[in-house]
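Single-letter residue listing:
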Amino acid sequence: MHSFILASMETQPTITVGSMLERSLPVALVPCWGSYEKTEGSLRLAKQGDTLSLRYMLRSPLLRRMVQEHNLEVCDDSCVGLLLKSKESEQYLHLQCSASGALRSWWVSNEGERTLLPSSLLETIPVTVTILENSNAQSRWSVEMHLDLKALKIDTDGQLFGNFYSCAEQTDQKYYLLAHETGTLEPNVEVPSAFMALEFL
């Protein structure tokens, strides 16, 4: 059975979230479970009303964007992801976005049970993928998403916690970049005790 024990506020890292992406400070996505050549990433966050906006900036040797439909194996592509929960919730949201723009998302319960979000809901999420460079030398790309937290049934009245990442699991040069490392020996981003507190200005 999984447990949603969150780290104490004294030791738990915090991400400060303003109201505008352009003015927010980038959060570094750091390599986990290995070192990866020519691979780096960062994330900016902003919140206005019930909308949480995210902008990922990535650089990697390869770019894979084969998945074209929602709720397929997005993590086989170059992708970004987020895990988000409210303090009192007994489940958290896991959402992934391929470099193709395809999404996959599910709720994870306290017992580890997963419930996929309907594709009709994922269709309503504004996503912009920009390929800045895609050559034999390197790929540079960005993903911007705007999440309506109430539509996703995330309580916005209390404290929110989350973690953010980019990965590519089915390329010749797989990688994992996380905003906060999970402390597991094997790749695993679904570790609620590693979630960071989001502090909204």
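Residues numbered from 1 in each chain as written. Predicted model: local features only at pLDDT ≥ 70, side-chain atom pairs only at ≥ 80, totals over all residues. Heavy atoms only, no water.

## Thoughts on the overall build of the protein chain
Stage number 1. For the protein chain, the count of helices and strands is 1 helix and 13 strands.
Stage number 2. Reading the protein chain from its N terminus to its C terminus gives the helix and strand order β-β-β-β-β-β-β-β-α-β-β-β-β-β.
Stage number 3. On C-alpha atoms alone, the protein chain measures out to a radius of gyration of 16 Å, which is about the 17 Å that the 2.2 N^0.38 rule sets for 201 residues.
Stage number 4. In terms of overall dimensions, the protein chain has C-alpha extents of about 45 × 35 × 35 Å along its principal axes.
Stage number 5. Within the protein chain, the proportion of its 201 residues that are buried is 48%.
Stage number 6. Counting only contacts in the protein chain whose residues sit at least 6 apart along the sequence, the fraction spanning at least 24 positions is 63%. (Helix = DSSP H or I, 4+ residues; strand = E, 2+ residues; numbered from the N terminus. Rg over C-alpha atoms; globule rule 2.2 N^0.38 Å. Buried < 20%, exposed > 50% of the residue type's maximum accessible area, 1.4 Å probe, protein only. Contact = heavy atoms within 4.5 Å.)

## Focus: the packing of aromatic side chains
Stage number 1. Counted by the stated rule, this structure contains 3 aromatic pairs.
Stage number 2. Aromatic pair Trp33 and Tyr176: ring centres 5.5 Å apart, planes at 90°, arrangement edge-to-face. Of this pair, Trp33 sits in the loop between strand 2 (27-31) and strand 3 (40-48) while Tyr176 is found in strand 12 (residues 175-178), placing the two residues 143 residues apart along the sequence.
Stage number 3. Residue classification places Trp33 among the partly exposed residues on the basis of a relative accessible area of 24%.
Stage number 4. What makes Tyr176 buried here is its relative accessible area of 9%.
Stage number 5. Measuring from ring centre to ring centre gives 6.5 Å for Tyr36 and Tyr175, while their planes differ by 65°; the resulting arrangement is edge-to-face. In this pair, Tyr36 sits in the loop between strand 2 and strand 3 while Tyr175 sits in strand 12, placing the two residues 139 residues apart along the sequence.
Stage number 6. A relative accessible area of 17% means that Tyr36 is categorised as buried.
Stage number 7. Residue placement shows Lys47 over the ring face of Phe200; its charged tip is 5.0 Å from the ring centre. (Phe/Tyr/Trp six-rings, centres within 6.5 Å; stacked < 30°, edge-to-face > 60°. Lys NZ or Arg CZ within 6 Å of the ring centre and 35° of its normal.)

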